[in-house]
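Each chain, letter by letter, is given below.
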Amino acid sequence: RGEVLAIPGSPRFMLDTAKAPWHSLYLAFDMIDAASAGRKRIVLGHISDYAGSTRKYGDAYKVAREAADEVIFVGDNSHRARASQEDRDTGRFREFTSVRAAADHIRETAVEDELILLKGSSNLHLERIALSYTHDIRCWADACGKQQDCRSCGLFDLPFEEHSRLSRRETRRRLGKDR
């Protein structure tokens, strides 16, 4: 958690995509706030592990907005951010229902000296946004059902529809773990 992925000529990514419990959001946002970068963006997926109303998304947006130049919500709860119309109109807030749409937006608007926090629970696999800078991502399933991250799965370069045909042995071979 909190791994930094620096790709020459591209944005730097801070990956925190294993879990997004409510109590950890502010820690991640504080790291972005304290960091030095030409531009800062926060991509927030599903908030996990809280027994509360969906008002938490609005609260999270308020805090993220103070730490970053742009805040991007991804997933089914994106509309719950309660961002102002002004923030929407100026591009300070963006919402996408799919990770692929968010990745496309980031790629189209990225600048070299920026830091992008990818924060969300594992079910959305937000790490694909950063991986798309170093790999040809062909698996953009919104709900694959796998608990492991995409790098551990190793099948991100194949369409999701092809995953089930691969045996466990073939998957291990592709990952270089076959002995």
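Note that the structure is predicted; figures quoted are calculated from it, not measured.

**Overview of the overall build of the protein chain**
- Assigned secondary structure in the protein chain consists of seven helices and six strands.
- Walking the protein chain from its N terminus toward its C terminus, one meets helices and strands in the order β-β-α-β-α-β-α-β-α-β-α-α-α.
- Over its C-alpha atoms the protein chain spans a radius of gyration of 16 Å, differing by no more than 12% from the 16 Å that the globule rule assigns to 179 residues.
- With the C-alpha coordinates aligned to their principal axes, the bounding extent of the protein chain is approximately 50 × 40 × 25 Å.
- Counting every position in the protein chain, which comprises 179 residues, the buried fraction comes to 49%.
- The contacts in the protein chain between residues at least 6 apart in sequence include a share of 57% that link residues at least 24 apart.
- Split by element, the accessible area of the protein chain, about 9300 Å² in all, is 46% carbon and sulfur.
- Counting 30 positive and 28 negative side-chain charges, the protein chain places the averaged centre of each group 6 Å from the other.

**Focus: the pattern of salt bridges**
- Counting across every chain of the model gives nine salt bridges.
- Of the charged contacts in the structure, one is a salt bridge between Arg 82 and Asp 59, with a shortest N-O distance of 3.7 Å. Taken as a pair, Arg 82 in the loop between β4 (70–74) and α3 (85–90) and Asp 59 in helix α2 (residues 55–67) lie far apart in primary sequence, 23 residues in all.
- Notably, a salt bridge pairs Arg 65 with Glu 66, separated by 3.6 Å at the nearest N-O pair.
- Where salt bridges share partners, they join Arg 39, Arg 41, Glu 70, Arg 94 and Glu 114 into one cluster.

**Describing the packing of aromatic side chains**
- This structure, assessed with the given rule, holds five aromatic pairs.
- Seen in terms of ring centroids, Phe 73 and Phe 93 are 5.6 Å apart; in terms of plane orientation they differ by 65 degrees. Their pairing is edge-to-face. Here the residue Phe 73 occupies a position in strand β4, and Phe 93 occupies one in strand β5 (residues 93–96), the gap between them amounting to 20 residues. Neither residue differs from the other here; Phe 73 and Phe 93 are each classed as buried.
- An aromatic cluster of at least three residues, connected via ring pairs, comprises Tyr 57, Tyr 61, Phe 73 and Phe 93.
- Positioned above the aromatic ring of Tyr 133 is the side chain of Arg 107, whose terminal nitrogen or guanidinium carbon lies 4.0 Å from the ring centre.

**Side note on the environment of Phe 29**
- In this fold, Phe 29 is placed in helix α1 (residues 22–34).
- Residue Phe 29 is classed as buried on the basis of its relative accessible area, which comes to 1%.
- Once the C-alpha coordinates of Phe 29 and Leu 117 are considered, the two residues, 88 residues apart in sequence, prove to be 8.2 Å apart.
- Not counting residues within four places of it along the chain, the set of residues in contact with Phe 29 comprises Ile 42, Leu 44, Ala 60, Val 63, Ala 64, Ala 67 and Leu 117.

The rules behind the values
Residues numbered from 1 in each chain as written. Predicted model: local features only at pLDDT ≥ 70, side-chain atom pairs only at ≥ 80, totals over all residues. Heavy atoms only, no water. Helix = DSSP H or I, 4+ residues; strand = E, 2+ residues; numbered from the N terminus. Rg over C-alpha atoms; globule rule 2.2 N^0.38 Å. Buried < 20%, exposed > 50% of the residue type's maximum accessible area, 1.4 Å probe, protein only. Contact = heavy atoms within 4.5 Å. Areas by Shrake-Rupley, 256 points an atom, 1.4 Å probe, with all protein chains shown as cover. Lys, Arg positive; Asp, Glu negative; His and termini not counted. Charge placed at Lys NZ, Arg CZ, Asp CG, Glu CD. Salt bridge = Lys/Arg side-chain N within 4 Å of Asp/Glu carboxyl O. Phe/Tyr/Trp six-rings, centres within 6.5 Å; stacked < 30°, edge-to-face > 60°. Lys NZ or Arg CZ within 6 Å of the ring centre and 35° of its normal.

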